[in-house]
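Chain by chain, the residues run as shown.
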Amino acid sequence: MEYKENALDYEDYLKLRESVGWINFSKEQAQEAINNSLYTVIAIDNKQTVGMGRLVGDGMYGMIVDVVVEPNYQKQGIGSKIVDMLMNFVEKKTPIGGRCSIQLIAEKGKEAFYEERGFKRIPHEFCGSGMRKVIYR
C-alpha cells in the first residue's frame, strides 16, 4: 500500500464516497473543498486509490472529514494509517505551548475505531457520534 499526501483529486473523491453509499456534492463544491483542505491523504493499491481522508480547519480547530476506505479494502489497517497521518500532521503543526481541538462525525458503528485513537464521544441524535480530541504540545 502506498500513501500520498495532498494528492486527492475529484474523481477519486467521487468514487470513494460512492463506494460506501455516501451522497456526493456538486463537482464545484467538492473541488473547492478539496482545494481548501489543510491536508489530505490517499491510499493507493496497484495504481488505484482505495482510501482517503481530509483535514479542514484553521490551526486551532480542525475537523477530520471524508475518511473512506473502499469496502473490499476495509479491516486491513488502511483507515488507521490515514487517520494516524492526519493526526501526525496536526501534532507537527501545533506550536509548542499550543493546542488544537480535532473533531469529526463518526458513522454509526464506527465510534470505537476513533475512540481507540483517543477521541471522546459527543452524542448526537442524527449520526453515530460527534467525536473530539485535543492535541497539546
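Above this text sits the structure in question.
My aim in this report is to walk through the structure given alongside it, one point at a time. (Residues numbered from 1 in each chain as written. Predicted model: local features only at pLDDT ≥ 70, side-chain atom pairs only at ≥ 80, totals over all residues. Heavy atoms only, no water.)

Before going further, it helps to spend a moment on the overall build of the chain. For the chain, the helix and strand inventory stands at four helices and seven strands. Helices (α) and strands (β) of the chain occur, in sequence order from the N terminus, as β-α-α-β-β-β-α-β-α-β-β. Whereas a compact globule of 137 residues would reach a radius of gyration of roughly 14 Å, the chain reaches 14 Å, a difference of no more than 12%. Here the C-alpha coordinates of the chain stretch approximately 40 × 30 × 30 Å along the principal axes. Here the chain, with 137 residues, has 42% of them falling under the buried criterion. Long-range contacts, defined here as pairs at least 24 residues apart, represent 57% of the contacts in the chain between residues at least 6 apart. A total accessible area of about 8,200 Å² is found for the chain, and carbon and sulfur atoms account for 49% of it. (Helix = DSSP H or I, 4+ residues; strand = E, 2+ residues; numbered from the N terminus. Rg over C-alpha atoms; globule rule 2.2 N^0.38 Å. Buried < 20%, exposed > 50% of the residue type's maximum accessible area, 1.4 Å probe, protein only. Contact = heavy atoms within 4.5 Å. Areas by Shrake-Rupley, 256 points an atom, 1.4 Å probe, with all protein chains shown as cover.)

Within this model, the largest pocket holds a volume of roughly 760 Å³. If you trace the largest pocket, you find 30 residues lining it, with Val67, Glu107, Lys110, Phe113 and Tyr114 closest to the centre. Secondary-structure elements contributing two or more residues to the lining of the largest pocket are β4 (61-69), α3 (78-93), β5 (99-106) and α4 (111-115). The class makeup of the residues in the lining of the largest pocket is 17 nonpolar, six polar and seven charged. (1 Å grid on protein atoms, 1.4 Å probe; cavity = no way out; pocket = protein on both sides within 12 Å on 5 of 7 lines; lining within 4 Å. Points joined across faces, edges and corners; volume = space filled by probe spheres on them. Nonpolar A, V, L, I, M, F, W, Y, C, P; charged D, E, K, R; others polar.)

Here we come to the nonpolar core. Ranked by size, the top nonpolar core spans 22 residues in total, and within it Ile64, Ile78, Leu86, Ile102, Tyr114 and Phe119 carry the most contacts. Take this core: its biggest share by element is seven residues, from α3. Counting 10 residues, the second-largest nonpolar core is a separate cluster that includes Leu8, Tyr13, Leu16 and Met52. (Core = buried A, V, L, I, M, F, W, Y, C linked by side-chain atoms within 4.5 Å.)

Right, let's talk about the pairing of β5 for a bit. The sheet contact formed by β4 and β5 spans three bridges and is parallel. Across the sheet, Tyr61 pairs through a bridge with Ser101, a residue of β5. As for the winding sense of the linkage, the β-α-β connection from β4 through α3 to β5 is right-handed. (Pairing = 2+ DSSP bridges. Right-handed = clockwise from strand over helix to strand, strands pointing away.)

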